[in-house]
Amino acid sequence: MEEVQQQPDQSIDGEPEIVTEGSSFVHGGASQEDKGPPKLDTKVEVLHEKVSKQIIKEGHGDKPSKYSTCFLHYKAWTESTQHKFEDTWQELQLVELVLGKEKKEMSGLAIGLTSMKSGERALLHVGYELGYGEEGNFSFPNVPPKANIIYEVELVGFDETKEGKARSDMTVEERISAADRRRMDGNSLFKEEKLELAMQQYEMAIAHMGDDFMFQLFGKYQDMALAVKNPCHLNIAACLIKLKRYEEAIAQCAIVLAEDQNNVKALFRRGKARSELGQTDAAREDFLKARKFAPEDKAILKELRVLDEDDKIVYQKQKELYKGLFGPRPEPKPANSAASWFVLVWQWLVSLIYRLFGGKMVKTE
C-alpha cells in the first residue's frame, strides 16, 4: 500500500481535517454516573415476559432483523446488588453480536437489540432466565445465581447479513475491505457534519479489526489493516475535539501512538486536546515532536505560536500579581531642613560656651 506523507492540516486517504467549531451533538461514551444504572422516568416497554426497555436516547433508521450483525456498547449490573460486572465503554472495545447466534446468557440482550434503532441507547431489565440462569457465573463476569440483569446498551449500528456471517468467519481481505468501506462512509458523513453517524461508522470499522484479529497479522496484511484502523481512531479523535471531549480524544490518539509513536496526526491531535485542557507543557512536547517530522506544516507552527503567546500572557499576569502582593519599595523620606539647621546652631552654641567658660573653671580648680 502506498505510503502517504502525513500532515495534520491536510486530508490524507480520505481522512477528515480538524475543525475546531463546537457542536451540540454528544455521542457515545458511558454515562458519567457510575454508581449504578441510570434512574429513568420514561415509558416502560415490555418486549418479552422477562425483558423490558426504557429509551434513554432515540435512534434513527431501521431496526435489525434476524441474523443481523449488531455492533454495540453496554454496561451491565446485577439488579439486586447494583454491582457492575461489565463495561465495554471502559474497555474501548465495540462488541459484535450476531442475532440468532448469541450465547445463552446474551439472549435477553439480543431481544432488546431487535427493538432498537441505530444510535439508540436504552435501559434493559432482563430476568435471570434469559441471562446467566440459576447458577450464575463465578468466573468473569462475576454474576451470582438467579441474578436479574440491568443493561445500559447503545446499538452503534448493524449489518444485514442473511447468512449471519460474523467477522470471525471472514477472510483477512474481507474484514479489511469491510472495515475500509465503513471508514469511507464515515468520512462522507463527517463532511456533512453528521458526527453521530460518522463516529458509528468508524467504530464499526474498528470492530472488524479487534485485538484478536490484529495479533494474527504480520507483513503486508498488518500494514493494510493499520492503514484502515489507525485513521478511524484519528477520525474519532477529530470528532471528539469538535465536541470538546478532549480526554476521550487523547485516548484515541494514544491507541495510534502505541502502534506508531511518530504518527504526526496523532501527535498533533493529542497536542491540540492537551492544549485545550491547559496541559501546555505536554501539548508543546507533542507539537515539537510532530514538527520534527513535518517542519513546514502551518497548523503545527500556528499551535506552537499560540502556546508561546499564552505563556507571555501568563507571565505578565504573574508579574502584575506579585507586584500587587508586595507593593512598591518604600522610598526614604526627605530630611526637614529647618530642623537640621536648628540642631547645627545648638551644637555650635554649646561648643562656644564650653570654650569660653570651660578653661577658666579648670584654672580655678
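Here, every reference points to the structure presented above.
Residues numbered from 1 in each chain as written. Predicted model: local features only at pLDDT ≥ 70, side-chain atom pairs only at ≥ 80, totals over all residues. Heavy atoms only, no water.

**Regarding the overall build of the protein chain**
For step 1, the next point in the chain: Along its length, the protein chain carries 10 helices and 7 strands.
For step 2, the next point in the chain: Within the protein chain, the fraction of its 365 residues that count as buried is 43%.
For step 3, the next point in the chain: Within the protein chain, residue pairs in contact and separated by at least 24 positions form 71% of the contacts whose partners lie at least 6 positions apart.
For step 4, the next point in the chain: Surface accessibility of the protein chain: about 21,300 Å² in total, with carbon and sulfur atoms responsible for 54%. (Helix = DSSP H or I, 4+ residues; strand = E, 2+ residues; numbered from the N terminus. Buried < 20%, exposed > 50% of the residue type's maximum accessible area, 1.4 Å probe, protein only. Contact = heavy atoms within 4.5 Å. Areas by Shrake-Rupley, 256 points an atom, 1.4 Å probe, with all protein chains shown as cover.)

**Structural notes on the pattern of salt bridges**
For step 1, the next point in the chain: Summed over the entire model, instances satisfying the criterion amount to 17 salt bridges.
For step 2, the next point in the chain: Lysine 50 is paired through a salt bridge with glutamate 129; the nearest N and O atoms lie 3.4 Å apart. You can see lysine 50 sitting in the loop between strand 1 (45–48) and strand 2 (51–57) and its partner glutamate 129 sitting in the loop between strand 6 (121–126) and strand 7 (149–159), a full 79 residues away along the chain.
For step 3, the next point in the chain: For lysine 242, the salt bridge identified is with glutamate 193, shortest N-O distance 3.3 Å. You can see lysine 242 sitting in helix 5 (residues 220–242) and its partner glutamate 193 sitting in the loop between helix 2 (172–191) and helix 3 (195–207), a full 49 residues away along the chain.
For step 4, the next point in the chain: Judged by its relative accessible area of 1%, lysine 242 is buried.
For step 5, the next point in the chain: Residue classification places glutamate 193 among the partly exposed residues on the basis of a relative accessible area of 46%.
For step 6, the next point in the chain: Each of Glu45, Lys53 and Glu120 takes part in salt bridges that share partners, so that together they form one network. (Salt bridge = Lys/Arg side-chain N within 4 Å of Asp/Glu carboxyl O.)

**Section: helix 3**
Residues separated by three or four positions in an α-helix point in the same direction, a consequence of the helix having 3.6 residues per turn.
For step 1, the next point in the chain: Spanning 13 residues, helix 3 covers 18 Å between terminal C-alpha atoms, matching the ideal 18 Å at 1.5 Å per step.
For step 2, the next point in the chain: Of all 13 residues in helix 3, 11 are buried; the element is thus mostly enclosed.
For step 3, the next point in the chain: What helix 3 keeps buried is the set Leu195, Ala198, Met199, Gln200, Gln201, Tyr202, Glu203, Met204, Ala205, Ile206 and Ala207.
For step 4, the next point in the chain: Where helix 3 is buried, its residues contact strand 3 (69–78), strand 7, helix 2 and helix 5. (Expected span 1.5 Å × (residues − 1).)

**A few points about helix 6 (residues 246–259)**
For step 1, the next point in the chain: Between its terminal C-alpha atoms helix 6 stretches 21 Å, which fits the 20 Å expected from 14 residues at 1.5 Å a residue.
For step 2, the next point in the chain: Buried within helix 6 are the following residues: Tyr246, Ala249, Ile250, Gln252, Cys253, Val256 and Leu257. An end-on view of helix 6 places all buried positions within 165° of arc, on one side of the element. Seen from the open side of helix 6, the exposed residues pointing more than 90 degrees away from its buried face are Glu247 and Ala258.
For step 3, the next point in the chain: Here the buried face of helix 6 lies against helix 5 and helix 7 (264–276). (Arc of directions from axis to C-beta.)

**Digging into unusual backbone geometry**
For step 1, the next point in the chain: Despite not being glycine, glutamine 82 shows a phi value in the positive range, around 60°.
For step 2, the next point in the chain: Relative to the assigned elements, glutamine 82 resides in the loop between strand 3 and strand 4 (84–87).
For step 3, the next point in the chain: Using a relative accessible area of 29% as the deciding quantity, one classes glutamine 82 as partly exposed.
For step 4, the next point in the chain: At lysine 244, a residue that is not glycine, the phi angle is positive and equals roughly 65°.
For step 5, the next point in the chain: Among the secondary structure elements, lysine 244 is positioned in the loop between helix 5 and helix 6.

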